[in-house]
Amino acid sequence: MISFTLAGHEFMSISAGPYFKPTPAISFVVNFDPAHMEDAEKKIDEVWAKLSEGGKIMMNLGEYPFSKRYGWCADKYGFSWQLILTDPEGEPRPTIIPSLLYVTPEGKMAEKATNFYLSVFKDSKRGRLVRYPSGMEPNREGAIMFTDFMLEGQWFSAMDGDAAQHDFAFNEAVSFIVNCETQEEIDHYWERLSAVPEAEQCGWLKDEFGVSWQIVPTIMNEMMKKGGKEEVARMTQAFLKMKKFDIKALVKAYEGK
C-alpha cells in the first residue's frame, strides 16, 4: 500500500492482484484553469501526452462545445482521466475531481445517486446541474449531462450513460475512503451506504449504485504509523476478521489486551 498526493488530491494505491480492473465508470477530471494556472493550455497538452502514452483514448484532445480544450483517456495502467481547460470566469474547483458515470439501461441514474449521497453526508451541497436536451440520442432527454457536488469538502462530478453506448460498470478497483473520528460516524455511514452484504469486508462496502467505499477510523491510521511490528500485526489480525470496523476492538488488539 502506498499513499501519495497529486495537485492537492490524496490517493492511496494497493497491490491487490488480478481481482479487479479499472473501468471508465470512475475517472478523474483534471481542471486546467487559466485564472489560477500559468500556461494552462500548454500544460494540458503536456499532461495529456504523458497520461495517454501507451493507454487508450476515449475522446481525442480537442475543442468541444463545453470547452476549448478537452480529452478523455485511460492511462497505461487502466485508470481514466478527463483533462479540461476550464472557463476562467466559472466558479473555482479543485484541480482534480473524481467523476462518476452511471451506466444503466434507462440512462437516468446520476440524479438519484447524487441526491442520495447529499443526504448521507452532513456537509454537502450541489454545484452545477446540466441536463441532456432532446435530440442527443442515445442519451435520454432530461438525463444528467453534468453535475458536480461536494461531500465533506471533497468535490465530485457525475453524469448519466446509456448501456447501449457503454459496456462497463463500477467495481472495487476504485473506491472512496471516508475517514471517521468516532464509532458513531462509522455506524452512520455503514448503515446508510452498505447495500451489498457479500461485498462487506475489512471496512469496505458497496452502495446500491455499485460504488465502493472504505469506512475507516482515523485512529487506525495513527496506530499503523506509530505502532511497532507486534502491535500492528495484532491489529491487522483483528481487522482482517471484521466487516465493519470496531474501534474499541482495534485498540484492544493493538494494546494486546
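Residues numbered from 1 in each chain as written. Predicted model: local features only at pLDDT ≥ 70, side-chain atom pairs only at ≥ 80, totals over all residues. Heavy atoms only, no water.

**So, the sheet that holds strand β11 (residues 175–180)**
Sheets are built from strands that pair by backbone hydrogen bonding, the pairs being arranged parallel or antiparallel.
1) Next: If you trace the three strands from one edge of the open sheet to the other, you get β11-β13-β12, paired in mixed fashion. Two strands close off the open sheet at either side, each with one partner strand: β11 and β12 (204–206). Strand-to-strand twist across the sheet, computed as the mean angle between neighbouring axes with direction ignored, equals 30°.
2) Next: Bridge count between β11 and strand β13 (residues 212–217): six bridges; the pairing is parallel. Looking at the pairing, C180 lines up with P217 of β13.
3) Next: Strands in contact with helix α3 (residues 183–193) are β11, β12 and β13; relative to β13, the strand with the most contacts, it is inclined by about 165°. (Pairing = 2+ DSSP bridges. Helix = DSSP H or I, 4+ residues; strand = E, 2+ residues; numbered from the N terminus. Axes fitted to C-alpha atoms, helices over the stretch in contact; angles between N-to-C directions. Contact = heavy atoms within 4.5 Å.)

**Re the layout of surface pockets**
1) Next: Considering only enclosed or pocket space, the second largest pocket measures out at about 1,300 Å³ in volume.
2) Next: For the second largest pocket, the lining is made up of 42 residues, of which F66, Y70, Q82, I84 and F146 are closest to its centre.
3) Next: Mapped by element, the contributors of at least two residues to the lining of the second largest pocket are β3 (26–32), β4 (56–64), β5 (67–74), β6 (80–85), β7 (96–104), β8 (124–131), β9 (144–151) and β10 (154–162).
4) Next: Considering every element that reaches the lining of the second largest pocket, the biggest residue donor is β10, with five residues. (1 Å grid on protein atoms, 1.4 Å probe; cavity = no way out; pocket = protein on both sides within 12 Å on 5 of 7 lines; lining within 4 Å. Points joined across faces, edges and corners; volume = space filled by probe spheres on them.)

**Comments concerning α3**
1) Next: Every buried residue belonging to α3 is among I186, Y189, W190 and L193, and all of these are buried. One face of α3 carries all of its buried residues, which in axial projection span an arc of 100°. Facing away from the buried side of α3 by more than 90 degrees, the exposed set consists of E184 and E191.
2) Next: The secondary structure elements touched by the buried residues of α3 are α2 (110–120), β11, β12, β13 and α6 (247–255). (Buried < 20%, exposed > 50% of the residue type's maximum accessible area, 1.4 Å probe, protein only. Arc of directions from axis to C-beta.)

**Quick notes on empty space enclosed by the protein**
1) Next: Within this structure, the stated rule accounts for one cavity of 30 Å³ or more.
2) Next: Quantified by volume, the largest cavity comes out at close to 40 Å³.
3) Next: Every residue along the wall of the largest cavity is listed here: P22, T23, A25, I26, A169, F170, N171 and V174.
4) Next: Residues that form the lining of the largest cavity fall into these classes: six nonpolar, two polar and no charged. (Nonpolar A, V, L, I, M, F, W, Y, C, P; charged D, E, K, R; others polar.)

**Notes on the packing of aromatic side chains**
1) Next: For the coordinates displayed, the defined rule picks out 19 aromatic pairs.
2) Next: For the pair F116 and Y117, a centre-to-centre distance of 5.8 Å together with 55° between the ring planes defines the contact as tilted.
3) Next: Taking the relative accessible area as the measure of exposure, F116 reaches 15% and is therefore buried.
4) Next: Residue classification places Y117 among the buried positions, given a relative accessible area of 1%.
5) Next: Aromatic ring contacts, followed pair by pair, group Y102, F116, Y117, F121, F149, F156, F170, F176, Y189, F209 and W213 into a single cluster.
6) Next: For the cation-ring pair, R93 lies above W155, with the distance from its terminal atom to the ring centre recorded as 3.7 Å. (Phe/Tyr/Trp six-rings, centres within 6.5 Å; stacked < 30°, edge-to-face > 60°. Lys NZ or Arg CZ within 6 Å of the ring centre and 35° of its normal.)

**Here's the deal with the environment of A169**
1) Next: Considering the arrangement of structural elements, one finds A169 in the loop between β10 and β11.
2) Next: For the pair formed by A169 and L101, sequence separation is 68 residues and the distance between their alpha carbons is 8.3 Å.
3) Next: Leave out the neighbours within four places in its chain, and A169 touches T23 and A25.

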